[in-house]
Amino acid sequence: MALLQISEPGQSLDPHQRRIAVGIDLGTTHSLVAAVRHGTAECLPDEQGRIILPSAVRYMLAANGQVRRQIGHDALAAQAEDPVNTIVSVKRFMGRKLADLGDTSRLPYQLEDAPGMVHVQTVAGSKSPVEVSAEILASLRQRAEDTFNDDLFGAVITVPAYFDDAQRQATKDAAQMAGLNVLRLDRKSTRLNSSHRCI
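Q: Honestly, helix α3 (residues 165-177) in this entry has me stumped. Any pointers?
A: Three- or four-residue spacings in an α-helix give side chains the same orientation, since the helix completes a turn every 3.6 residues. The terminal C-alpha atoms of α3, which comprises 13 residues, lie 18 Å apart, in line with the 18 Å expected from a rise of 1.5 Å per residue. For α3, the full list of buried residues reads Gln-167, Arg-168, Ala-170, Thr-171, Ala-174 and Ala-175. Angularly, the buried residues of α3 cover 160° about the axis, an arc narrow enough to put them on a single face. The outward face of α3, more than 90 degrees from its buried face, is lined by the exposed residues Asp-165, Gln-176 and Met-177. Measuring from the side-chain oxygen of the N-cap residue of α3 to the backbone nitrogen of Ala-166 gives 3.1 Å; that N-cap residue is Asp-164. After α3 finishes, the residue Gly-179 shows a positive phi value of roughly 80°.

Quick look at the structure:
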């Protein structure tokens, strides 16, 4: 667990006041959350002991008309039966207009241009990549808070090195929508290497 001590200028640090911060890899196909505990980086598992969270969100309508969501493994399992409402690889759409995406004819869902960036049509209405990413980030935030039985102070979130300002801002917006305080966006240029591997 990463513990940060923060104080206003001129005030001394309270050694007993500690804040929990995590690192989140919001990936195109999979995501995860990690923290430093006892000097070692550890990926935080879900209740079933799974570290990796598929970056997938499925939107459904319940019988009473309420919107329901499946996130991660459950969403991915339903992709074959409901591809139109199961959004995967949404990170590719972050901060992008429809014209930026090239040929989208092979995608199972309908995209539309909207102010700011492309949106995906679902049974729950039009969803932006920011909203879909926020669902994934909120799930990881909840996992971390359940692990520590405490609120998070903030998160460092990785983004690809090629992300431009619009894509970086969209990632920040998604994190804020998920209730995360973004401490920093960290550029990653390659896949997780052996020093970051969580086993």
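Q: Is there a simple way to explain the pairing of strand β3 (residues 30-37) in this structure?
A: Taken residue by residue, a regular strand's side chains alternate between the two faces of the sheet. By the bridge criterion, three bridges tie strand β2 (residues 19-25) to β3 in an arrangement that is antiparallel. Looking at the pairing, Ile-24 lines up with Val-33 of β3. Here β2 hands over to β3 after four residues, the two strands then running antiparallel side by side. Examined bridge by bridge, β3 and strand β5 (residues 53-54) share two bridges and lie antiparallel to one another. Each residue of the ladder has a partner; that of Ser-31, found in β5, is Leu-53. Bridge count between β3 and strand β4 (residues 40-43): four bridges; the pairing is antiparallel. Looking at β4, one finds that Val-36 is bridged to Ala-41.

Q: Which parts of the structure should I look at to understand unusual backbone geometry?
A: Excluding glycine, a negative phi dihedral is what most residues carry, and trans is how most peptide bonds are arranged. Look at His-38: it is not a glycine, yet its phi comes out positive at around 55°. With respect to the element layout, His-38 can be found in the loop between β3 and β4. Even without glycine at this site, Asn-149 takes up a positive phi of about 55°. Structurally, the position occupied by Asn-149 is in the loop between α2 (129-148) and β12 (154-160).

Parameters at a glance
- Residues numbered from 1 in each chain as written.
- Predicted model: local features only at pLDDT ≥ 70, side-chain atom pairs only at ≥ 80, totals over all residues.
- Heavy atoms only, no water.
- Helix = DSSP H or I, 4+ residues; strand = E, 2+ residues; numbered from the N terminus.
- Expected span 1.5 Å × (residues − 1).
- Buried < 20%, exposed > 50% of the residue type's maximum accessible area, 1.4 Å probe, protein only.
- Arc of directions from axis to C-beta.
- Polar contact = N/O pair within 3.5 Å; in protein donor to acceptor, adjacent residues only side chain to side chain.
- Pairing = 2+ DSSP bridges.

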